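The primary structure of each chain is shown beneath.
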Amino acid sequence: MNDDSLYKRLGGYDAIAAVADDLLKRLMADALLGRFWKHRGTDGLAREKQLLIDFLCASTGGPMVYTGRDMPTSHKGMGIGEEDWSAFIGHANAMLDHFNVPQRERDEVTGFIGSLKNDIVE
């Protein structure tokens, strides 16, 4: 069994950045979820993407420092409901499939994502 951090097992910064880019494109293109990015400027989108990369890297044991707000603060008032969450999970699973993430890492990623639900869904 490999005892490396999830960060290393996922491929490090470049792999996580590619995952974040792919996931954000999926979410923004979704008919239901796209509303959350509808009126965001290019600079705001770039900042959000970098914060996501930093969050994912830090949360998986990488060397990045996440300086953004916590999940409840970041998502409060957005009106994210169960239908939104289900759509997000579908895109996250499609992204994991796209990158052929091995089962062990996939289970850890989906477990981590699931642990955030109560902080995100209103």
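Scroll up to find the structure this text is about.
Residues numbered from 1 in each chain as written. Predicted model: local features only at pLDDT ≥ 70, side-chain atom pairs only at ≥ 80, totals over all residues. Heavy atoms only, no water.

Participant: How should the pattern of salt bridges be read in this particular structure?
Facilitator: Tallying each qualifying case throughout the model produces 10 salt bridges. For the salt bridge of aspartate 84 with arginine 35, the shortest nitrogen-to-oxygen distance reads 2.9 Å. Residue aspartate 84 is located in helix H5 (residues 82–98), and its partner arginine 35 is located in the loop between helix H2 (12–29) and helix H3 (42–59); the two are separated by 49 residues in the primary sequence. By relative accessible area, which is 6% here, aspartate 84 ends up buried. Taking the relative accessible area as the measure of exposure, arginine 35 reaches 38% and is therefore partly exposed. In this structure, a network of salt bridges that share partners links the residues Arg9, Arg104, Glu105 and Glu108. (Salt bridge = Lys/Arg side-chain N within 4 Å of Asp/Glu carboxyl O. Helix = DSSP H or I, 4+ residues; strand = E, 2+ residues; numbered from the N terminus. Buried < 20%, exposed > 50% of the residue type's maximum accessible area, 1.4 Å probe, protein only.)

Participant: Explanation requested: the environment of lysine 8 in the structure shown.
Facilitator: Within the secondary structure, lysine 8 is located in helix H1 (residues 6–10). Residues lysine 8 and alanine 46, spaced 38 residues apart in sequence, show a C-alpha to C-alpha distance of 24 Å.

Participant: Just checking my understanding: could you explain the nonpolar core for this structure?
Facilitator: Inside soluble globular proteins, nonpolar side chains tend to come together where they are buried. Ranked by internal contacts, the top residues of the largest apolar core, which has 29 residues, are Leu33 and Trp37. Elements that contribute at least two residues to this core include exactly H1, H2, H3, H5 and helix H6 (103–115). Element by element, the count of residues in this core is highest for H2, at seven residues. Each residue touching tryptophan 37, except ones within four places of it in the same chain, is listed here: Leu24, Leu27, Met28, Leu45 and Glu48. (Core = buried A, V, L, I, M, F, W, Y, C linked by side-chain atoms within 4.5 Å. Contact = heavy atoms within 4.5 Å.)

Participant: What is the right way to look at the side chain of aspartate 84 in this model?
Facilitator: In this structure the side chain of aspartate 84 is engaged in a polar contact, spanning 2.9 Å, whose partner is the backbone nitrogen of glycine 81. If we ignore the near neighbours within four places in the chain, the residues touching aspartate 84 are Leu32, Leu33, Arg35, Phe36 and Gly79. (Polar contact = N/O pair within 3.5 Å; in protein donor to acceptor, adjacent residues only side chain to side chain.)

Participant: How should the packing of H5 against H6 be read in this particular structure?
Facilitator: Helix packing geometry: the angle between the two helix axes and the distance between the axes. Running from N to C, H5 and H6 point in directions that differ by 160 degrees, and their axes come no closer than 11 Å. Regarding the angle of H5 to H6, the classification is roughly antiparallel. Like other packed secondary-structure pairs, H5 and H6 cross with a definite hand, here right-handed. Of the residues in H6, those in contact with Trp85, Phe88, Ile89, Ala92, Asn93, Leu96 and Asp97 of H5 are Arg106, Val109, Thr110, Ile113 and Gly114. Residues belonging to the contact of H5 with H6 are distributed by class as follows: seven nonpolar, three polar and two charged. (Axes fitted to C-alpha atoms, helices over the stretch in contact; angles between N-to-C directions. Parallel < 35°, antiparallel > 145°, perpendicular 65-115°, else oblique. Left-handed = near helix turned anticlockwise from the far one by under 90°. Nonpolar A, V, L, I, M, F, W, Y, C, P; charged D, E, K, R; others polar.)

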